[in-house]
Amino acid sequence: MSNALYDALFAPHAKSDAVFLRLTDGDGLSHRSFAEMAARFAGALTADGVKAGDRVAAQVDKCPEALALYAACIQTGAVLVPLNTAYTPSEIDYFVGNAEPRLVVCGQAAAPALSAIAETNGATLRTLNADGSGSLRALADAQASAFDPAPRSTDDLAAILYTSGTTGRSKGAMLTHGNLLSNALTLSDLWRFDAEDVLIHALPIFHTHGLFVAVNTCLVTGASIIFMPRFDVDAIIKAMPDATTMMGVPTFYTRLLDDARLTKDLTKGMRLFVSGSAPLPAETHRAFEARTGHRLLERYGMTETNMNTSNPYDGDRFAGTVGLPLPGVEVRVTDPATGTPLGKGEIGVIEVRGPNVFHGYWRMPDKTAEELRANGFFITGDLGTFDERGYLHIVGRQKDLIISGGFNIYPKEVETALEALPGVDESAVIGVPHPDFGEGVIAIVVPEAGTQAGADDLADALKDKLARFKQPKRIVLVDELPRNAMGKVQKNVLREQFVGLLS
Ligand code: AMP
């Protein structure tokens with residue numbers, strides 16, 4: 001039997017001497033060198049006892065070796081569980097306990113804190129640092145440069161990506177070889193990727209956007225990637241003349257627009273700029289076109305479904321819309337109460353069905369049954385509407401998700417952390433417009449009567465409890481929260497009241 005993803009993504013270019021990864025220090029790695037590195041990592045996983053179906057959890061910095069670890073998981077049939085580098089050890093504890101990986105990989109700095117977590121859960125701990133060094137690399141260096149891929153069908157798991165949890169508990173979305181493959185083929189075709197393309201890659205690789213949308217479209221076509229450790233305006237401006245495409249979150253584009261060096265001349269060799277993971281302000285879309293002559297291409301997707309819709313490559317790209325359903329993907333808008341499909345112009349919950357849709361939440365059959373219908377439609381929780389032209393508009397998020405700089409924050413998790421602090425009676429966490437991040441997190445807190453804790457004390461107390469991107473940018477103390485007749489906190493009222501707090 002073949003290995004669905006290896007055969008499509010890695011095998012075709014494994015002998016090519018064309019550059020695959022261009023690094024910002026000027027070095028480059030060919031497809032062949034990358035394939036050899038991946039084979040050595042696959043050998044290392046096998047030496048550590050990892051077998052097909054085992055999970056490999058990785059909280060690692062962005063580097064070529066981290067991508068090789070992804071490729072090694074595909075080859076060995078292991079299931080990669082990438083973890084946000086901002087997560088604290090207490091957050092990692094939950095993911096490792098839930099995913100039960102055979103191997104945990106982290107940077108040397110996190111190893112003391114994570115070794116106990118790995119041990120408690122019966123996993124081996126290996127290190128992989130931002131410079132590619134570490135005990136996993138040392139083990140890989142002792143392995144052969146070729147590896148016979150494990151047989152894997154399209155229904156076998158390739159990765160588990162954790163989403164933010166509405167009740168503070170994240171859910172592991174199970175993505176198969178077939179899910180990732182279908183999206184890689186569809187997007188590379190729709191967005192016309194080929195081996196001549198050079199993609200600017202400044203996204204993190206623990207999230208679906210940077211790992212699957214960006215990397216897989218390049219792998220499947222043999223394109224090359226300018227692989228940046230993080231988003232940096234200077235580095236992107238420097239790379240632009242050598243690139244043809246870029247993928248980013250809206251914040252990337254607003255920050256580039258703040259720089260006078262972004263001009264038509266600078267971008268004349270580019271053919272495509274893609275935006276997603278958060279709403280792209282129509283104003284940014286227009287300003288980008290006015291400055292560069294390029295119309296940003298906005299697309300819509302999520303961890304559980306990969307990509308669902310995209311503005312067209314050749315046809316009209318409308319500001320404020322996320323475009324048309326991808327070929328082979330069904331998108332419908334339904335009544336949130338009844339699940340009945342709604343017509344054009346009506347607002348409801350967006351549902352998606354297709355080969356891109358995940359196979360459920362890891363070890364959470366009840367959650368899976370709540371969100372994945374028996375007929376295959378996934379209830380996204382996003383609210384949207386189709387316009388007369390068939391373009392989808394996203395109007396809000398049913399679950400009050402906050403997206404700050406492309407990262408998802410569920411208010412409930414921050415509220416739970418705040419309410420566990422001494423002196424806090426209750427809290428409401430909301431997102432308000434932020435000039436740089438799209439949305440910023442703020443917390444409205446009712447202190448317990450007679451307590452002295454100030455906003456700064458509460459902010460300090462949250463520092464080691466929550467990843468930085470989840471920590472409120474402002475904490476406001478109030479006497480009481482607005483509530484409706486049913487006793488529910490009216491977050492819409494708070495959003496209106498504090499709309500300008502971060503602008
Ligand atoms: P994630 O699972 O982290 O990729 O987050 C998925 C969520 O991001 C979706 O459910 C949407 O709420 C939001 N999202 C992704 N792309 C867009 C977009 N182009 N416009 C508006 N929201 C988006």
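Shown above is the structure to which this text applies.
Residues numbered from 1 in each chain as written. Predicted model: local features only at pLDDT ≥ 70, side-chain atom pairs only at ≥ 80, totals over all residues. Heavy atoms only, no water.

1. A look at the overall build of the chain
Per the secondary structure count, the chain includes 15 helices and 24 strands. Relative to the compact-globule value of 23 Å for 503 residues, the chain shows a C-alpha radius of gyration of 23 Å, a close match. For the C-alpha atoms alone, the extent of the chain along its principal axes is close to 65 × 55 × 50 Å. Looking at the 503 residues of the chain, the share that counts as buried comes to 57%. (Helix = DSSP H or I, 4+ residues; strand = E, 2+ residues; numbered from the N terminus. Rg over C-alpha atoms; globule rule 2.2 N^0.38 Å. Buried < 20%, exposed > 50% of the residue type's maximum accessible area, 1.4 Å probe, protein only.)

2. Some words on the site of the ligand
The immediate surroundings of the ligand are formed by 17 residues, with His207, Glu298, Arg299, Thr303 and Asp382 found nearest. For the ligand, a nitrogen atom lies 3.2 Å from a polar atom in the backbone of Ser277. Note that an oxygen atom of the ligand is positioned 2.5 Å from one of the side-chain N or O atoms of Asp382. Coverage of the ligand by the protein chains reaches 95% of its 500 Å² of free accessible surface. Contributing elements (two or more residues each) for the shell around the ligand: strand S13 (297-302) and strand S19 (392-397). Among the elements that line the shell around the ligand, the one with the most residues is S13, at 5 residues. Considered class by class, the residues forming the shell around the ligand number 7 nonpolar, 6 polar and 4 charged. (Near = heavy atom within 4 Å. Polar contact = N/O pair within 3.5 Å; in protein donor to acceptor, adjacent residues only side chain to side chain. Areas by Shrake-Rupley, 256 points an atom, 1.4 Å probe, with all protein chains shown as cover. Nonpolar A, V, L, I, M, F, W, Y, C, P; charged D, E, K, R; others polar.)

3. Quick look at unusual backbone geometry
Although it is not a glycine, Ser277 sits at a positive phi angle of roughly 85°. With respect to the secondary-structure elements, Ser277 resides in the loop between strand S12 (272-275) and helix H11 (282-292). One non-glycine residue, Asn306, lies in the positive phi region at around 55°. Note that Asn306 resides in strand S14 (residues 306-310).

4. Structural notes on the packing of aromatic side chains
For the structure on display, the rule yields 18 aromatic pairs. A centroid spacing of 6.0 Å and a plane angle of 15° characterise the contact between Phe206 and Phe407, whose relative ring orientation is stacked. In this pair, Phe206 sits in the loop between strand S9 (198-201) and helix H8 (208-221) while Phe407 sits in strand S21 (residues 407-409), placing the two residues 201 residues apart along the sequence. Using a relative accessible area of 14% as the deciding quantity, one classes Phe206 as buried. Chaining the aromatic ring pairs together yields one cluster made of Tyr6, Phe10, Phe20, Phe34, Tyr70 and Phe212. Here Arg389 stacks its cationic end above the ring of Phe318, 3.6 Å away from the centre of that ring. (Phe/Tyr/Trp six-rings, centres within 6.5 Å; stacked < 30°, edge-to-face > 60°. Lys NZ or Arg CZ within 6 Å of the ring centre and 35° of its normal.)

5. Notes on empty space enclosed by the protein
Taking a probe equal in size to a water molecule and rolling it over the atoms shows the remaining empty space. Inspection of every chain in the model, using the stated rule, returns 3 cavities of 30 Å³ or more. Estimates place the volume of the largest cavity at around 100 Å³. Surrounding the largest cavity, Ala58, Val60, Ala66, Leu69, Tyr70, Leu80, Pro82, Leu83, Ile205, Phe206 and Leu211 form its lining. When contributions to the lining of the largest cavity are tallied by element, the ones reaching two or more residues are helix H3 (64-76) and strand S4 (79-82). Per element, the largest residue contribution to the lining of the largest cavity is 3 residues, and it comes from H3. Here the residues of the lining of the largest cavity are counted per class, giving 11 nonpolar, no polar and no charged. Volume-wise, the second largest cavity comes out at about 60 Å³. Around the second largest cavity, the lining residues are Leu9, Phe10, His13, Ala14, His31, Phe34, Ala35 and Leu219. (1 Å grid on protein atoms, 1.4 Å probe; cavity = no way out; pocket = protein on both sides within 12 Å on 5 of 7 lines; lining within 4 Å. Points joined across faces, edges and corners; volume = space filled by probe spheres on them.)

6. Looking at the packing of helix H10 (residues 250-257) against H11
It is the contact of H10 with H11, at a shortest axis distance of 10 Å, that shows an interaxial angle of 45°. Viewed along their axes, H10 and H11 adopt a mutual orientation that is oblique. Regarding H10 and H11, the two cross each other, and that crossing is left-handed. Note on element contacts: H11 touches H10 through Thr284, Ala287, Phe288 and Arg291, opposite Tyr253, Thr254 and Leu257. (Axes fitted to C-alpha atoms, helices over the stretch in contact; angles between N-to-C directions. Parallel < 35°, antiparallel > 145°, perpendicular 65-115°, else oblique. Left-handed = near helix turned anticlockwise from the far one by under 90°. Contact = heavy atoms within 4.5 Å.)

7. Overview of the sheet that holds S14
Ordered by their spatial adjacency, 9 strands build an open sheet running S2-S1-S10-S9-S11-S12-S13-S14-S15, and the pairing between neighbours is mixed. Among the strands making up the open sheet, the edge pair consists of strand S2 (28-30) and strand S15 (324-325). Pairing analysis gives 4 bridges linking S9 to strand S10 (residues 224-227), with the strands arranged parallel. Opposite His201, over in S10, you have Phe227 as the bridge partner. H3 contacts strand S1 (19-23), S2 and S10 of the sheet and is inclined by roughly 145° relative to S1. (Pairing = 2+ DSSP bridges.)

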